[in-house]
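# Architecture and fold: a report
Here is what each chain is made of, one letter per residue.
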Amino acid sequence: MDSYFKRYHKESGWPPVSNPSSKHVEKDVKLEDFILLRYSRVPGELGGSIQSRESSKSIGRDKGLDKDILGTFLKWSVGALEDETGRRAYPSAGQLYSNELFIAVKEVAHLQPGLYKYHANEHALTFVNGNNDVNDALVQESIDYNFCVIVAADVTFAVDQYGERGYRFCLMEAGHMVQNIQLVAGNLNKAIVPIGGFVDKYLNSSVLPGEDDLSALYLVPVGKKLDI
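A few points on the structure. (Residues numbered from 1 in each chain as written. Predicted model: local features only at pLDDT ≥ 70, side-chain atom pairs only at ≥ 80, totals over all residues. Heavy atoms only, no water.)

### Regarding helix α6 (residues 200-207)
What counts here: The classification of residues rests on relative accessible area computed with a 1.4 Å probe and restricted to protein chains. Under 20% of the type maximum is buried, over 50% is exposed, and intermediate values are partly exposed. Each helix corresponds to a stretch of at least 4 residues labelled H or I by DSSP, and each strand to a stretch of at least 2 residues labelled E; elements are numbered beginning at the N terminus. Our arc is simply the arc of the directions from the helix axis toward the C-beta atoms. Should any heavy atoms of two residues lie within 4.5 Å, those residues are counted as being in contact.
What α6 keeps buried is the set Asp200, Leu203 and Val207. Around the axis of α6, the buried residues are gathered within 100 degrees of arc, so they sit on the same side. Of the exposed residues in α6, the ones pointing more than 90 degrees away from its buried face are Lys201 and Ser205. Those residues of α6 hidden inside the fold are in contact with α1 (4-11), β3 (114-119), β4 (124-129), β5 (147-154) and β7 (214-225).

Here it is, written out as structure tokens:
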């Protein structure tokens, strides 16, 4: 019998069982029950970065995006820190870093189109194959991009270390990674749209390299915001 995480991951693939009919609404709370809080501005640029973070409704290609911008983008969102600890820019249970990062490049100056794997410790890419098109895995419209970040998990590795709870850690790690990606994208004035709903089977079998235990968790197309 398959492990619980494998069955859950398969059963929760696209299409979903149902579409949301409404947003979650908090239960009514009396005004006198609220304990109002004060707050101060966050020092530096962090406050502005958080407020400028958004998922763009429609993105396209940025003709000025080159390999150095991609390098800066990856370094400060998912790269290794500039110290001797071996840590990266996001937390990972036990510093396992079970999630892997692939970049589907469509149009990045001084970089051949195709699929690349990002190696955080070396801050380098390796060419995987010539497949740079994830559009057949998308269920959204009006999305084009210079490159698309694919967060994929080696879930079996994580589960070997932590049991079935390792699957949770992969999901948490993916959220930390994409949070950073959003903040860095805002600072670099790039438009992104984090995507959790996509055609898993196509992406895992036709885009990612043929590794049985590698499963895509998150897609993040990166480009420029279009006027709509």
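### Digging into the packing of aromatic side chains
Condition: Planes of paired rings set the category: under 30 degrees apart is stacked, over 60 is edge-to-face and the rest tilted, where pairs are Phe, Tyr or Trp rings (Trp by its six-membered ring) whose centres lie within 6.5 Å.
According to the stated counting rule, one finds six aromatic pairs in the structure shown. Centre to centre, the rings of Phe73 and Phe147 are 5.4 Å apart; their planes meet at 75 degrees, and the pair counts as edge-to-face. Remark: Phe147 occurs in strand β5 and Phe73 occurs in helix α3 (residues 67-78); sequence separation between them is 74 residues. In this pair, the class of Phe73 matches that of Phe147, namely buried.

### Focus: the state of the cysteines
So the rule is basically this: Disulfides are defined as pairs of cysteine sulfur atoms found within 2.5 Å of each other.
Tallied over the full model, the rule gives zero disulfides. The thiol sulfur of Cys148 is not disulfide-bonded, and the nearest other cysteine sulfur, from Cys170, lies at 19 Å. Judged by relative accessible area, Cys170 falls into the buried class, the value being 1%.

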